[in-house]
Amino acid sequence: MKPTAILLLHCPDQQGIISEVTKFITDNKGNIVYLDQYVDRQDSVFFMRIEWELDNFLIPREKIQEYIDILYAQRYKMTFNLYFNDVRPRMAIFVSKMSHCLYDLLARYKAGEWNVDIPCILSNHEDLRYIADQFDIPFHVWSIAKDHSNKSEVEDAEMQLLKKHKVTFIVLARYMQIISDKMISAYPHHIINIHHSFLPAFIGAKPYHQAWERGVKIVGATSHYVTSDLDAGPIIEQDVVRISHKDTPESLVLKGRDLEKIVLSRAVTKHIERKILTYNNKTIIFS
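Since the model is a prediction, treat every value here as computed from it, not as a measurement. (Residues numbered from 1 in each chain as written. Predicted model: local features only at pLDDT ≥ 70, side-chain atom pairs only at ≥ 80, totals over all residues. Heavy atoms only, no water.)

### Description of the sheet that holds strand β1 (residues 4-12)
And then number 1: The antiparallel open sheet is built from four strands, whose spatial order is β2-β3-β1-β4. Single-partner strands in this sheet number two, and they are β2 (31-40) and β4 (79-84). Each adjacent strand pair in this sheet contributes to an overall mean axis angle of 10°, direction not counted.
And then number 2: Bridging between β1 and β4 involves six bridges; their strand directions are antiparallel. Within β4, the position partnered with His10 by the bridge is Thr79.
And then number 3: Together, β1, β2 and β3 (45-53) form the strand contacts of helix α1 (residues 17-27), whose direction differs from that of β3 by roughly 15°.
And then number 4: Strands in contact with helix α2 (residues 61-73) are β1, β3 and β4; relative to β4, the strand with the most contacts, it is inclined by about 165°. (Pairing = 2+ DSSP bridges. Helix = DSSP H or I, 4+ residues; strand = E, 2+ residues; numbered from the N terminus. Axes fitted to C-alpha atoms, helices over the stretch in contact; angles between N-to-C directions. Contact = heavy atoms within 4.5 Å.)

Written out as structure tokens, the structure is:
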């Protein structure tokens, strides 16, 4: 795979943005291999993802961000992020006792589906260490007291480990702990959670039981970025399955677990591919 640069941006919608950005790339001998854009007409905001090959590109890669900042960021009031496809994201996985999402993530990683490194798995229980051992990934456990009296200390230790391993984003694979504002602030829109419900319905604990009691005809799963508001961060991916009066809370849990694996993996894929732009607690998902 040839090395490419990936530019994600948003700014107030105005004439000439696409022309200016593409001209900057082509004038400097860059070959554009992907371009997708969207305009939110209600808020008049322009969003774009553009990717180009770096072979023969005249500007050194370490200078590209500086050029974009000087030429366009102030002029168009542009917010942007620049990535390179040969710089692999580093993903840490947080788990508790449920294994289905962890197995799915590690199977995809092992099969080479993702251009990602997984330097560590973190947990508040020992239960899933055997899975980490199967995939030869270091497994770290910090027990959290029932009264949460040591939670701040635990998170400090976890964040030191994440920094040591140069982790760039976190996946909560049914991690049954609330993440503190301190960690969320360190990884803004870089902590991906899977919630076993079609949000915003049935937030919090035991959503399948809530759904059964309400008599709904579909249940779902939602993957979203974590914010300080519980289960209310920008939604990345969702899916549903139909149910009937014959289902029990237990059968809903089984059906839901299949959805959870798929929905979480789709969200992780989009994040790794740098195809997500967050704005006003919503996401723009590029194809």
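### Observations regarding the packing of aromatic side chains
And then number 1: Overall, the coordinates contain seven aromatic pairs when judged by the stated rule.
And then number 2: Arranged with centres 5.9 Å apart and planes meeting at 20°, the rings of Tyr38 and Phe47 form a pair that is stacked.
And then number 3: Given the relative accessible area of 39%, Tyr38 is considered partly exposed.
And then number 4: Classification of Phe47 as buried rests on a relative accessible area of 1%.
And then number 5: The interplanar angle of 55° and the centroid separation of 5.8 Å between the aromatic rings of Trp52 and Phe57 together place this pair among those described as tilted.
And then number 6: Of the residues examined, Trp52 reaches a relative accessible area of 0% and is grouped as buried.
And then number 7: The ring centre of Tyr34 lies 4.5 Å from the NZ or CZ of Arg49, which sits over that ring.
And then number 8: Above the ring of Phe84, the side-chain terminus of Arg61 is found at 4.3 Å from the ring centroid. (Phe/Tyr/Trp six-rings, centres within 6.5 Å; stacked < 30°, edge-to-face > 60°. Buried < 20%, exposed > 50% of the residue type's maximum accessible area, 1.4 Å probe, protein only. Lys NZ or Arg CZ within 6 Å of the ring centre and 35° of its normal.)

### Digging into the sheet that holds strand β11 (residues 235-242)
And then number 1: Pairing within the open sheet is mixed, and its seven strands lie in the order β7-β6-β5-β8-β9-β10-β11. Looking at the sheet topology across the chains shown, the edges are occupied by β7 (139-141) and β11. If you compare each strand with its neighbour and ignore which way they point, the axes differ by 20° on average.
And then number 2: Where helix α3 (residues 100-110) meets the sheet, it contacts β5 (90-95), β6 (117-123), β8 (169-172) and β9 (191-195), and its direction lies at approximately 165° from that of β6.
And then number 3: Sitting on the sheet, helix α5 (residues 151-164) touches β5, β6, β7 and β8, and the angle it makes with β6 is about 170°.

### Description of the pairing of β1
And then number 1: β1 sits mainly inside the fold: eight of its nine residues count as buried.
And then number 2: Note that β1 and β3 share nine bridges and pair antiparallel. Bridging from a neighbouring strand, Leu8 pairs with Arg49 of β3.

### Overview of the side chain of Glu158
And then number 1: Along the chain, the position of Glu158 falls in helix α5.
And then number 2: Among buried charged residues, Glu158 stands out as having no salt bridge; its nearest opposite-charge side chain is Lys151, 8.3 Å away.
And then number 3: Other than its neighbours up to four places away in sequence, Glu158 contacts Phe94, Leu122, Trp142, Tyr175 and Met183. (Lys, Arg positive; Asp, Glu negative; His and termini not counted. Salt bridge = Lys/Arg side-chain N within 4 Å of Asp/Glu carboxyl O.)

### Notes on a nonpolar patch on the surface
And then number 1: Judged by side-chain polarity, Tyr67, Ile70 and Leu71 come together as a nonpolar surface patch covering roughly 300 Å² of accessible area.
And then number 2: Its place among the elements puts Ile70 in helix α2. (Patch = residues over 30% accessible without salt bridge, like charges linked within 9 Å, V, L, I, M, F, W, Y side chains within 5 Å. Areas by Shrake-Rupley, 256 points an atom, 1.4 Å probe, with all protein chains shown as cover.)

### Re the pairing of β2
And then number 1: As paired strands, β2 and β3 are joined by nine bridges and run antiparallel to one another. Of the residues in β3, the one forming a bridge with Val39 is Phe46.
And then number 2: Once β2 ends, the chain turns through four residues before running back antiparallel as β3, passing Ser44 with a positive phi of about 55°.

### Describing the packing of α3 against helix α8 (residues 249-272)
And then number 1: Following both chains from N to C, one finds α3 and α8 inclined at 40°, their axes separated by 9 Å at the closest point. Relative to α8, the element α3 is oriented oblique. Considering how the two elements wind past one another, α3 and α8 form a crossing that is right-handed. Mapping the contact onto sequence places His100, Cys101, Asp104, Leu105 and Arg108 in α3 and Arg257, Glu260, Lys261, Leu264, Ser265 and Val268 in α8.
And then number 2: Looking at the contact of α3 with α8 residue by residue, the class counts come to four nonpolar, two polar and five charged. (Parallel < 35°, antiparallel > 145°, perpendicular 65-115°, else oblique. Left-handed = near helix turned anticlockwise from the far one by under 90°. Nonpolar A, V, L, I, M, F, W, Y, C, P; charged D, E, K, R; others polar.)

### Re unusual backbone geometry
And then number 1: Its identity as a non-glycine residue notwithstanding, Lys166 has a phi of 55°, on the positive side.
And then number 2: Structurally, Lys166 is set in the loop between α5 and β8.
And then number 3: If you check the backbone angles, Arg274 has positive phi at about 55° while not being a glycine.
And then number 4: Examined against the element boundaries, Arg274 turns out to sit in the loop between α8 and β12 (276-279).

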